[in-house]
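Okay, here's what each chain looks like letter by letter:
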Amino acid sequence: MVLCQGGEAAAVPAAGGKEPEVPLSRKDGVGTGQPCLCPAPGMEAAGAEERRVCGCCSGLSWPRCCKAPGTKKKAACPGLGLFYTVLSAFLFSVASLFLKKIEDVHSVEVSAFRCVFQMAFVLPGLIYYKTGFLGPKGKRIFLFFRGFLGSSAMILLYYAFQVMPLADATVITFSSPVFTSLLAWIFLKEKYSVWDLLFTLFAITGVVLIARPPFLFGSNVTGIEGSYTDHLKGTIAAITSTVSAASTFVILRKVGKSVHYFLSIWYYAVIGLIGCVIALFVMNEWRLPYCGKDRVLLILIGLLGLGGQIFLTKALQIEKAGPVAIMKTMDVVFAFILQILFLNHLPTWWTVGGALCVVASSSGTAIRKWRQSLKKAKQNEI
């Protein structure tokens with residue numbers, strides 16, 4: 001047997017039907033510290049076992065495994081995962097800025113273009129890894145809801161970007177980790193402590209400071225784009241988008257790594273495109289942009305969104321989730337900077353206060369989960 005770090009592939013049974021106990025190593029900079037067993041030379045199994053997947057190579061089959069004999073391991077670059085996270089945040093923020101610049105194009109149509117780009121990117125990967133287009137029978141219902149909720153979150157987020165300030169919408173959606181912990185406690189029976197409740201209250205406080213409902217702040221609300229009705233609609237859309245995104249994270253946790261991430265994105269893009277096309281024909285909003293600038297911006301939104309997803313995925317492959325979640329606070333920073341520089345819209349102190357509350361709650365949740373994972377890793381070593 002060959003022990004590979006960071007994988008989740010099913011182990012190949014040894015003689016007698018029992019797996020040998022293998023000490024875990026946490027010094028492998030490639031994987032996540034979880035062992036995966038790959039076939040040793042001369043022990044190639046027939047059928048499905050012939051194509052064992054090693055998680056330390058992000059789904060590559062064993063002959064190309066980073067731990068296969070004769071394969072040189074690349075030295076990890078310190079901080080590369082965090083750099084990928086910052087780059088991903090910048091690309092997503094620029095895509096949001098371009099969305100604000102587009103005129104006379106509905107957010108659902110923009111979402112449809114985004115889904116087309118994702119399908120074009122994922123299709124070659126599905127063919128290469130031979131994952132199929134439907135996935136395992138027991139996981140298809142989860143993949144369907146992942147695609148439906150994920151695409152709904154994207155459409156609602158794009159609508160929020162169009163009708164409310166860029167920084168406000170970004171801050172609200174940044175509260176997703178807090179709602180993820182709450183939903184994981186409800187549906188996955190994960191632990192939910194007093195700290196999690198405190199972080200949730202912080203996030204809700206931040207959202208209230210941004211939404212500024214009239215029954216708390218009066219009828220004269222300043223620092224918004226357009227009417228307060230549009231601002232309220234955008235706030236509701238952003239909150240619903242956040243809860244939908246948190247639901248997809250819970251579904252992905254439920255599915256685990258038993259489904260290739262390309263297949264997960266495929267469901268997201270296909271179901272999203274079908275839903276967008278139906279919605280556009282029902283609303284009679286399907287039309288090409290009138291000017292060449294909007295068409296270019298649509299293409300750039302698709303490319304930037306795709307690039308942001310790629311770099312975020314790469315960051316999570318080579319860096320722990322805790323530091324990545326903390327570094328994603330740069331989303332909020334970039335949103336404020338771009339809004340001031342290119343949209344000439346200064347955020348109010350209410351928005352700044354709300355942003356601090358949401359960032360504090362999200363960062364606190366990430367740090368707490370990170371420390372728990374490190375503590376659990378040390379216990380497993382002992």
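The rules behind each value
Residues numbered from 1 in each chain as written. Predicted model: local features only at pLDDT ≥ 70, side-chain atom pairs only at ≥ 80, totals over all residues. Heavy atoms only, no water. Helix = DSSP H or I, 4+ residues; strand = E, 2+ residues; numbered from the N terminus. Buried < 20%, exposed > 50% of the residue type's maximum accessible area, 1.4 Å probe, protein only. Areas by Shrake-Rupley, 256 points an atom, 1.4 Å probe, with all protein chains shown as cover. Core = buried A, V, L, I, M, F, W, Y, C linked by side-chain atoms within 4.5 Å. Contact = heavy atoms within 4.5 Å. pLDDT = per-residue confidence, 0-100. Axes fitted to C-alpha atoms, helices over the stretch in contact; angles between N-to-C directions. Left-handed = near helix turned anticlockwise from the far one by under 90°. Nonpolar A, V, L, I, M, F, W, Y, C, P; charged D, E, K, R; others polar. Salt bridge = Lys/Arg side-chain N within 4 Å of Asp/Glu carboxyl O. Parallel < 35°, antiparallel > 145°, perpendicular 65-115°, else oblique. Polar contact = N/O pair within 3.5 Å; in protein donor to acceptor, adjacent residues only side chain to side chain. Phe/Tyr/Trp six-rings, centres within 6.5 Å; stacked < 30°, edge-to-face > 60°. Expected span 1.5 Å × (residues − 1).

With that settled, the discussion passes to the overall build of the protein chain. On a plain count of helices and strands, the protein chain comes out with 13 helices and 4 strands. Scored against the burial criterion, the 382 residues of the protein chain give a buried share of 45%. On the protein chain, roughly 19800 Å² of surface is accessible, and the fraction owed to carbon and sulfur atoms is 68%.

Membership of the largest hydrophobic core comes to 37 residues, with the highest contact counts inside it found for Val110, Tyr158, Phe161, Val171 and Ile301. The greatest single-element share of this core, amounting to 6 residues, is contributed by helix α1 (residues 80–101). Residues contacting Val110, with those up to four places away along its chain left out, are Leu99, Val105, Tyr158, Leu298 and Ile301. Ranked by size, the runner-up nonpolar core spans 13 residues in total, among them Val122, Ile265, Trp266 and Tyr267.

Mean pLDDT for the protein chain: 76, with 78% of residues reaching 70 or above. Counting contacts from residues 1–53, a segment whose pLDDT is below 50, to residues more than four positions away or on other chains yields 103 contacts. Across residues 55–62, where pLDDT falls below 50, the model places 34 contacts with residues more than four positions away in sequence or in other chains.

One can describe the packing of α1 onto helix α12 (residues 330–342) by two numbers: an axis separation of 9 Å at closest approach and a directional angle of 40°. Helix-helix and strand crossings are classified by hand; for α1 and α12 the assignment is right-handed. Mapping the contact onto sequence places Val86, Ala89, Phe90, Ser93, Val94, Leu97 and Lys101 in α1 and Met330, Asp331, Phe334, Ala335, Leu338 and Phe342 in α12. Among the residues forming the contact of α1 with α12, the class breakdown is 10 nonpolar, 1 polar and 2 charged.

Overall, the coordinates contain 1 salt bridge when judged by the stated rule. Put simply, Lys328 and Asp331 hold a salt bridge, and the shortest N to O gap is 3.0 Å. You can call Asp331 buried: its relative accessible area is 11%.

Viewed as axis vectors pointing N to C, helix α2 (residues 107–129) and helix α9 (residues 261–283) meet at an angle of 150°, and their least axial separation amounts to 8 Å. By the criterion of interaxial angle, the relationship of α2 to α9 is roughly antiparallel. Once α2 is placed against α9, the crossing between them reads as left-handed.

Attention now moves to the side chain of Ser111. Take Ser111: it is sitting in helix α2. With a relative accessible area of 0%, Ser111 lands in the buried category. A polar contact of 2.9 Å, which involves the side chain of Ser111, links it to the backbone oxygen of Ser107. When sequence neighbours within four positions are dropped, the list of residues in contact with Ser111 reads Met154, Ile155, Tyr158 and Cys276.

Within the secondary structure layout, Leu149 lies in helix α3 (residues 140–163). In this structure Leu149 touches Ser244, Ser247, Thr248 and Ile251, once residues within four positions along its chain are discounted.

Moving on: the packing of aromatic side chains. In total, this model carries 10 aromatic pairs according to the counting rule given. Both rings, one in Phe90 and one in Phe334, keep their centres 5.4 Å apart while their planes meet at 75°; by these two values the pair is edge-to-face. One end of the pair, Phe90, is in helix α1; the other, Phe334, is in helix α12, with 244 residues separating them in the sequence. Phe90 gets classed as partly exposed once you look at its relative accessible area, which sits at 35%.

Time to look at unusual backbone geometry. A positive phi is found at Lys130, a non-glycine position, where the angle reads about 55°. Its place among the elements puts Lys130 in the loop between α2 and α3. A positive phi angle, near 50°, is found at Asn344, a position not held by glycine. Relative to the assigned elements, Asn344 resides in the loop between α12 and α13 (349–381). Of the residues examined, Asn344 reaches a relative accessible area of 68% and is grouped as exposed.

Mapped onto the secondary structure, Thr329 falls in the loop between α11 (321–327) and α12. According to the relative accessible area criterion, Thr329 is buried, its value standing at 16%.

Further remarks concern α12. Helix length check: α12, at 13 residues, gives a terminal C-alpha distance of 18 Å against a target of 18 Å (1.5 Å per residue), a fit within 8%. For α12, the set of buried residues is Asp331, Val332, Phe334, Ala335, Phe336, Leu338 and Gln339. Among the residues trailing α12, Asn344 stands out with phi positive, at a value near 50°.

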